[in-house]
Amino acid sequence: MRILWYIASQNLKTAISILIFSLSLYFILTYMEESQHYFDGRDTPLKVKLLYYFWQFPAMTIQLMPFAVLIGGIITNWLFAKHGEISALRAAGLSMMRISVPMICVGLFFTTCQFILNEFVLPVSSTQFLRVKRVDVEGKKNDHVFTESTWLKAKGTVLHFKNYNEHKQELS
């Protein structure tokens, strides 16, 4: 039915708009705070600052996505009720469950996107963010970026260790 696509598209537009607004607000406020305290004593080039926030983007998207979907669903339902669209759909014979199915599908779409981001994009972006933060911004050596993790996923197994001795190349 076309009306179900309409409901889904309205919910998707609202959720994406809220996600973009939330991310923008987060990055603006974070930049204002970190430019006064974190970047203040350092001569950090603009390219490094942009990379610093670029590699934070997937992690913040994952954290703000559930909020955006929840608030997007609430606002979409509120707008539908305000304009009498829910009453019209109920009068046309659609049940509330049938009206809710497109919104549930949008929620499942965002859940799938969040899973993909969490499993495939976030490990790379977190590593790159830590590298930019420690090496490019703070000026530390690259030694500790990969050795502070206490869990290591290897082929067919997961290892737990307290620290890694890089010179001896052994886990303890």
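Going by the structure above, here's the rest.
Right, let's walk through the structure included here. (Residues numbered from 1 in each chain as written. Predicted model: local features only at pLDDT ≥ 70, side-chain atom pairs only at ≥ 80, totals over all residues. Heavy atoms only, no water.)

## So, helix 5 (residues 96-137)
Taking 1.5 Å per residue as the helical rise, helix 5 with its 42 residues ought to reach 62 Å, whereas the 53 Å between its terminal C-alpha atoms falls clearly short. The largest bend in helix 5 comes to about 50 degrees, at V121, with the proline P123 one to four residues further on. Trailing helix 5 by a residue or two, G139 shows a phi angle of about 75 degrees, which is positive. (Helix = DSSP H or I, 4+ residues; strand = E, 2+ residues; numbered from the N terminus. Expected span 1.5 Å × (residues − 1). Bend = angle between axes of the 7 residues up to and from the residue.)

## Remarks on the pattern of salt bridges
Scanning the model with the defined rule gives two salt bridges in all. Across the pair E138 and K140 runs a salt bridge, and its minimum N-O distance is 3.5 Å. Exposure remark for E138: the relative accessible area of 24% places this residue in the partly exposed category. (Salt bridge = Lys/Arg side-chain N within 4 Å of Asp/Glu carboxyl O. Buried < 20%, exposed > 50% of the residue type's maximum accessible area, 1.4 Å probe, protein only.)

## Quick look at a nonpolar patch on the surface
Taken together, F21, L25, I28, L29, Y31 and M32 make up a surface patch of nonpolar side chains, about 620 Å² in accessible area. Looking at the element boundaries, I28 is found in helix 1 (residues 2-37). (Patch = residues over 30% accessible without salt bridge, like charges linked within 9 Å, V, L, I, M, F, W, Y side chains within 5 Å. Areas by Shrake-Rupley, 256 points an atom, 1.4 Å probe, with all protein chains shown as cover.)

## Considering the packing of helix 1 against helix 3 (residues 57-82)
Closest axis-to-axis distance for the helix 1/helix 3 pair is 7 Å, and the angle between their directions is 135 degrees. By the angle between their axes, helix 1 is oblique relative to helix 3. Taken as a pair, helix 1 and helix 3 cross one another with a handedness that is right-handed. (Axes fitted to C-alpha atoms, helices over the stretch in contact; angles between N-to-C directions. Parallel < 35°, antiparallel > 145°, perpendicular 65-115°, else oblique. Left-handed = near helix turned anticlockwise from the far one by under 90°.)

## Section: the packing of aromatic side chains
Going through the model one piece at a time under the given rule, you end up with nine aromatic pairs. Ring centres 6.0 Å apart and planes at 70 degrees place the aromatic pair Y31 and Y53 in the edge-to-face group. Here Y31 is found in helix 1, whereas its partner Y53 is found in helix 2 (residues 46-54), with 22 residues between them in sequence. On the numbers, 5.1 Å between centres and 45 degrees between planes, the contact of Y52 with F129 is tilted. (Phe/Tyr/Trp six-rings, centres within 6.5 Å; stacked < 30°, edge-to-face > 60°.)

## Some words on the nonpolar core
Grouped together as the largest cluster of nonpolar side chains are 15 residues, with contacts concentrated most on L23, F39, Y52 and V137. Residue assignment for this core shows that the elements contributing at least two residues are helix 1, helix 2, helix 3 and helix 5. Counting residues per element, this core draws most heavily on helix 1, at four residues. When sequence neighbours within four positions are dropped, the list of residues in contact with Y52 reads E34, Y38, F39, F129, V132, K133 and V137. (Core = buried A, V, L, I, M, F, W, Y, C linked by side-chain atoms within 4.5 Å. Contact = heavy atoms within 4.5 Å.)

## Observations regarding the side chain of S125
Counting through the fold element by element, S125 comes out in helix 5. You can call S125 buried: its relative accessible area is 1%. Ignoring anything within four residues of it in the chain, the contact list for S125 reads W55 and P58.

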